[in-house]
Amino acid sequence: MNYKEVFEQWKTDEFFDASIHRELSLLTDEKEIEDRFYKDLAFGTGGLRGIMGAGTNRMNKYTVGKATTGLGNYLLDVYGVNTCKNRGVVIGYDTRNNSGYFSKTAADVLSGMGIKVCLHARARPTPQLSFSVKFWGAVAGIVITASHNPKEYNGYKVYDESGCQLVPGQAERVTAYVDAVTDYHSINFNGNEALITVADVTDQLIHAVLKQSRCKDKAVKENLHIIYTPLHGTGAVPVQKTLQTDGFTRVDSVAEQAVPDGDFPTVTSPNPEDRRALEMGIAQAERTDADIVLGTDPDCDRIGAAVKTDDGYECITGNQMGALLMDFILSSTDLSAIYKPAVVKTVVTSELGAGIAKKHGLTVFSTLTGFKFIREKITQFEQARQSGDKNRDYTFVFGYEESYGYLAGTHARDKDAIVSALLICEMAALCKAAGKTLLDRMNEIYAEFGYYRDALDSFILKGRDGLGRISKMMSALRNGDAPFEGTRQVIDYSHPVRAEKGFGYLPASDVMKYILTDGSWIAVRPSGTEPKIKVYYSIKGESREHAEERLASVRDAIQMRLGLR
């Protein structure tokens, strides 16, 4: 059927809820109808993510039911009926609109297939879902979240039995099962309540997170004044309880943003990478003379920070925080007691943190964009140890990416803003005790390793036409000369690229990276979850001013090549 025929079916077929019929009956814009029905919402390595609403290309009860039916069939084939009934699947969700509803939809579909479900009792962070899968010994996990995306979005991510988000090979197998569900009428939404357990492991997660504490000085912690905002998301309880248990007594929340609300009414977008999301926290910090402002996104896997300076509160970028945490963790860890310590970052993350790690004698691994690839490396290290493969046996110490995601420890197999908040505050408290701020320490690091100016440009190109335009941009880059003077190396990740230390090749990915003679680099990649193309810059300069000038020059060059100006 073409998109018009599918639209008419959804609008009139009694299988679909009356709310679906009402929503579709109001649609008159042909472009909107086409966008909703010209394809099925794709199940990829990130699971599902899309705008909520009626349609095959939207997040709704039926697309969630289709994905869950496919996942359930896959689990039954791989693990068998008895194992699925005994070990089950953990389902978590965030505070977004419909997240609780979609989580119960998934629970009903799985339980109706004879699969046990452990459903989180309330909205909790994504890293708690990852922790819960291992804690309960489940065969898989699902979390309903769209992370830091605007309020119109929701998503569905799948985790394997180790608490790790699916990587391409796994996702391709699950996708085949999801794609095999071609008739929505075949989905059974009638759950078996006897197979659904509702539980909470927040306290157990906090206990695991606190094992990463590096600072034991109570007085130092009590002297740090923290403003924290969960941005209407899931971080309020676990982040504040973790900090208070660790000894931070001056933790004030932004009251207006502590209330869970999927409309995110106080921010344009609940993204802690954007200073505007922290503005209410910064205003409260200015009124109370606080030392640091922290903000976590709705599913509490990313964290942003602003610190007090003589000129007001300055935000710390994801790359800067990664370097600071690298420096703090490695400086406060007895590395001699760790067998072959290693850190993992992504290919679009600044090399500054890698330079710090190498100074401490650690091995640095680079992965494709997405924390799922960092967690995959953790699993590979563990599998090598279990098999006695000493060539690939390393100990994971820290993983991070430029998009404000960090992980210390292996309690979760995903980026974790809870443990990040703990370490950031301990680091800030120790800096304050030494008469410095985190930015002072950052400048000390720059003085030693050189100045890095990192930036990200995102260009949203919606709809079918936008996706086609993005595809043409990437083709133009691959088929043309390097758009920058002084390009030393061009890496096209759509072709096999060898990984470090005998780990084979990186999976193919739609990324182009240009490395310049001085070590600066620029990377271009379409988003895997949104209709946008992203350009990453990591420019090395003799000073901040020099780096800013070079950044402006390469920005002009790449945007001209892409036809974006």
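That block above? That's the structure.
Per-chain numbering applies: the sequence of each chain, read as written, is numbered from 1 onward. The model is predicted, so local features are restricted to residues of pLDDT at least 70 and side-chain atom pairs to those at 80 or more, both for listing and for counting; the totals for chains, interfaces and linings are taken over all residues. Side-chain figures throughout are based on the complete set of non-hydrogen atoms in the structure, without hydrogens or water.

Asker: For this particular structure, what's the right way to read the pattern of salt bridges?
Answerer: A side chain with one charge may pair with a side chain of the opposite charge, provided their charged atoms come close. Only one rule defines a salt bridge in this text: a Lys or Arg side-chain nitrogen within 4 Å of an Asp or Glu carboxyl oxygen. In total, this model carries 41 salt bridges according to the counting rule given. Aspartate 40 is the partner of lysine 66 in a salt bridge, and the nearest nitrogen-oxygen pair spans 2.7 Å. Here lysine 66, found in helix 4 (residues 61–79), pairs with aspartate 40, found in the loop between helix 3 (30–37) and strand 1 (48–51); they are 26 residues apart in sequence, far enough to count as distant. A relative accessible area of 8% means that lysine 66 is categorised as buried. Where helices and strands are cited, they refer to DSSP runs of H or I of at least four residues and of E of at least two residues respectively, numbered from the N terminus. Buried residues are those whose accessible area, probed at 1.4 Å on protein chains only, stays under 20% of the maximum for their type, while exposed residues exceed 50% and partly exposed ones sit between those limits.

Asker: Sorry, what's going on with the environment of arginine 478 here?
Answerer: Of note, arginine 478 is situated in helix 18 (residues 463–479). Between the C-alpha atoms of arginine 478 and aspartate 492, which are 14 residues apart in sequence, the distance is 7.6 Å. Should any heavy atoms of two residues lie within 4.5 Å, those residues are counted as being in contact. Contact partners of arginine 478, with chain neighbours within four places excluded, come to Asp492, Ser494, Ser509, Asp510, Val511 and Met512. A polar side-chain atom of arginine 478 sits 3.4 Å from a polar atom in the side chain of serine 494. In protein, a polar contact requires one atom able to donate a hydrogen and another able to accept it; more generally it is a pair of N or O atoms within 3.5 Å, and residues adjacent in sequence count only if both atoms are side-chain atoms. At 2.8 Å, the side chain of arginine 478 forms a polar contact with the side chain of aspartate 510.

Asker: What is the right way to read the sheet that holds strand 12 (residues 341–346) from this model?
Answerer: In a beta sheet, neighbouring strands pair by backbone hydrogen bonds and run either parallel or antiparallel. Note on pairing: DSSP must find at least two bridges between two strands before they are called paired. Across the sheet, which stays open at both edges, the four strands sit in the order 13-12-14-15 with mixed pairing between neighbours. Edge strands, defined here as strands with exactly one partner in the open sheet, are strand 13 (363–367) and strand 15 (405–408). When the angles between neighbouring strand axes are averaged without regard to direction, this sheet yields 20°. Inspection of the sheet shows strand 12 paired to strand 14 (residues 395–401) by five bridges, in the parallel sense. By the bridge assignment for strand 14, valine 343 is matched with phenylalanine 398. A fitted line through C-alpha atoms serves as each axis, taken over the contacting stretch for helices, and the angle formed by two N-to-C directions is quoted from 0 to 180°. Along the sheet face, helix 13 (residues 318–331) touches strand 12, strand 14 and strand 15 and points at about 160° away from the line of strand 14. Lying over the sheet, helix 14 (residues 352–359) contacts strand 12, strand 13 and strand 14, oriented at roughly 155° with respect to strand 13.

Asker: Would you explain helix 9 (residues 202–209) in this entry?
Answerer: What sets the pattern is the α-helix's 3.6 residues per turn: residues three or four places apart point alike. Taken together, the buried positions of helix 9 are Thr202, Leu205, Ile206, Ala208 and Val209. The arc that holds the buried residues of helix 9, viewed along the axis, is 160°, so those residues lie on one side. Where helix 9 is buried, its residues contact helix 7 (126–136), helix 11 (236–246) and helix 16 (417–433). In this description, the arc belongs to the directions extending from the helix axis to the C-beta atoms.

Asker: When you look at the environment of serine 111 in this model, what are you seeing that I'm missing?
Answerer: Looking at the secondary structure, you find serine 111 in helix 6 (residues 99–112). Along the primary structure serine 111 and serine 350 are separated by 239 residues, whereas in three dimensions their C-alpha atoms are 44 Å apart. Excluding residues within four positions of it along the chain, serine 111 makes contact with Val117, Gly191, Asn192, Leu195 and Ile196. Polar contacts involving the side chain of serine 111 include one to the main-chain amide nitrogen of asparagine 192, which spans 2.9 Å.

Asker: Any chance you could explain the sheet that holds strand 10 (residues 303–309) here in plain terms?
Answerer: Pairing is mixed across the open sheet formed by five strands, whose spatial order is 8-7-9-10-11. Since the sheet does not close on itself, it has two edges, and those belong to strand 8 (251–253) and strand 11 (312–316), each with one partner. In this sheet, neighbouring strand axes are inclined to one another by 25° on average, regardless of whether the strands run parallel or antiparallel. Direction of pairing for strand 7 (residues 226–229) relative to strand 8: parallel, over a ladder of three bridges.

By themselves, these observations are geometric and do not establish any function.
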